[in-house]
Amino acid sequence: MFKNQNFNYAVFGNPINHSKSPEIHGFFSNQTNVFHTYESVNVPLDEFVSFLLKFFKKHGKGANITAPFKQEAYLFCDKLTERARIAQSVNTLKKVNNKYILGDNTDGIGLLSDLIRLNFIKKNNSILILGAGGAVRGILFPLLSFGCSVFILNRTLSNAEKLVVQFSKYGKINIFDKNSSEKKHFDLIINATSKYDKNNENNIDVSFVSSKTCFYDMNYHKYDTPFFSSYIKKRSNGIGMLVFQAAHSFFLWHNIFPETNYIINSLKRNMK
Ligand SMILES: NC(=O)c1ccc[n+]([C@@H]2O[C@H](COP(=O)([O-])OP(=O)(O)OC[C@H]3O[C@@H](n4cnc5c(N)ncnc54)[C@H](OP(=O)(O)O)[C@@H]3O)[C@@H](O)[C@H]2O)c1
């Protein structure tokens, strides 16, 4: 089932060969001197629970969970942090006192940490999110709690509507009506779709962006998303979010928050 039977930490997903998590956690371990063996595990789609049970029965102390298992992980946990309970999605597991499994979601706090680092976000900002998938579930509570108002635009309207109903008790959240006559400039636009197509429904009128609008693409590929690239100059991909969600997981496991700038810059330089 596992390549090396002795590791204590791992990321579980399918597919997993693209994962940068082992490299990031290896860096955190060296930098903090915390002994932290970390592997990636490709899990057959119908064997997630049996893999986790075996891992935690053997040497497992903590895990990261990536697509498509974050909602299954939510159901697997014995206890949840508040942000995981609200997101109904888990990307971090910790075996506590050898007794129970705690589930957390560090995606949203990871994104917020990177937006703060980049100076892309302020309280009361108006944010447009493109997409309404699992990742958006993780980022809404931290963004709303920070004091921002959120608008969602998604290919499938009903998926966005479900999120608005679920999260409206935590702050100002609405469906974005791109045909609205009331033109306002967004402070920040976040691409949380897994496939950006410049001719698709996520295109909006230029009157919704200004020279101060920031654009954050949660994906981390080499090529910049062509979303108003000639108008929006403050832009970033999602490498920083990836590193910060890992750093918050590391903190949950070891109570030490690792340094993040060096690995963010190194991954950005080496992006394929
Ligand atoms: N940087 C990080 O640390 C980090 C963390 C988490 C996720 N991510 C990235 O964020 C992205 C979203 O992840 P997820 O877990 O939310 O995925 P997901 O649950 O599969 O959701 C995908 C979203 O993209 C939309 N979409 C897919 N294909 C589209 C197309 N051709 N045109 C328009 N919209 C399309 C879907 O719309 P429908 O509702 O209409 O299907 C849905 O809103 C992924 O690329 C993932 O790698 C990055």
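The structure displayed is predicted, hence computed values, not measured ones.

Draft legend 1. Expanded view of the site of the ligand. Around the ligand sit 22 residues, and of these A135, N154, T156, N159 and N219 come closest. In the model, an oxygen atom of the ligand is placed 3.5 Å from a nitrogen or oxygen of the G133 main chain. The side chain of R155 places a nitrogen or oxygen atom 2.9 Å from an oxygen atom of the ligand. Protein contacts shield 76% of the accessible area of the ligand, which totals 940 Å² for the unbound molecule.

Draft legend 2. Structural view of the pattern of salt bridges. Tallied over the entire structure, the rule returns four salt bridges. We note a salt bridge from D104 to R83, for which the minimum N-O separation is 2.8 Å. With D104 in strand 6 (residues 100-104) and R83 in helix 4 (residues 82-87), this pair connects stretches of sequence that are 21 residues apart. For D224, the salt bridge goes to R235, with nearest N and O atoms at 2.8 Å. With D224 in the loop between strand 11 (214-217) and strand 12 (234-236) and R235 in strand 12, the pair connects residues that are 11 residues apart, well separated along the chain.

Draft legend 3. A look at the sheet that holds strand 10 (residues 188-191). Strand order in the open sheet made by the six strands is 9-8-7-10-11-12, with parallel pairing throughout. Each edge of the open sheet is held by one strand with a lone partner, namely strand 9 (173-175) and strand 12. Across this sheet, the average inter-strand angle for adjacent strands is 20°, counted without regard to direction. Relative to the sheet, helix 6 (residues 134-145) contacts strand 7 (126-130), strand 8 (149-153), strand 9 and strand 10, its axis offset from that of strand 7 by approximately 180°. In the packing of helix 7 (residues 157-167) onto the sheet, contacts are made with strand 8 and strand 9, and the angle to strand 9 comes to roughly 160°.

Draft legend 4. Representation of helix 2 (residues 48-57) within the structure. Taken together, the buried positions of helix 2 are F48, F51, L52, F55 and F56. Projected onto a plane normal to the axis of helix 2, the buried residues spread over an arc of 120° and lie on a single side. Helix 2 presents L53 and K57 as exposed residues on the side facing more than 90 degrees away from its buried surface. Residues of helix 2 that are buried in the fold lie against strand 1 (9-13), strand 2 (38-42), strand 3 (62-65), helix 3 (70-76), strand 5 (92-96) and strand 6.

Calculation rules
- Residues numbered from 1 in each chain as written.
- Predicted model: local features only at pLDDT ≥ 70, side-chain atom pairs only at ≥ 80, totals over all residues.
- Heavy atoms only, no water.
- Near = heavy atom within 4 Å.
- Polar contact = N/O pair within 3.5 Å; in protein donor to acceptor, adjacent residues only side chain to side chain.
- Areas by Shrake-Rupley, 256 points an atom, 1.4 Å probe, with all protein chains shown as cover.
- Salt bridge = Lys/Arg side-chain N within 4 Å of Asp/Glu carboxyl O.
- Helix = DSSP H or I, 4+ residues; strand = E, 2+ residues; numbered from the N terminus.
- Pairing = 2+ DSSP bridges.
- Axes fitted to C-alpha atoms, helices over the stretch in contact; angles between N-to-C directions.
- Contact = heavy atoms within 4.5 Å.
- Buried < 20%, exposed > 50% of the residue type's maximum accessible area, 1.4 Å probe, protein only.
- Arc of directions from axis to C-beta.

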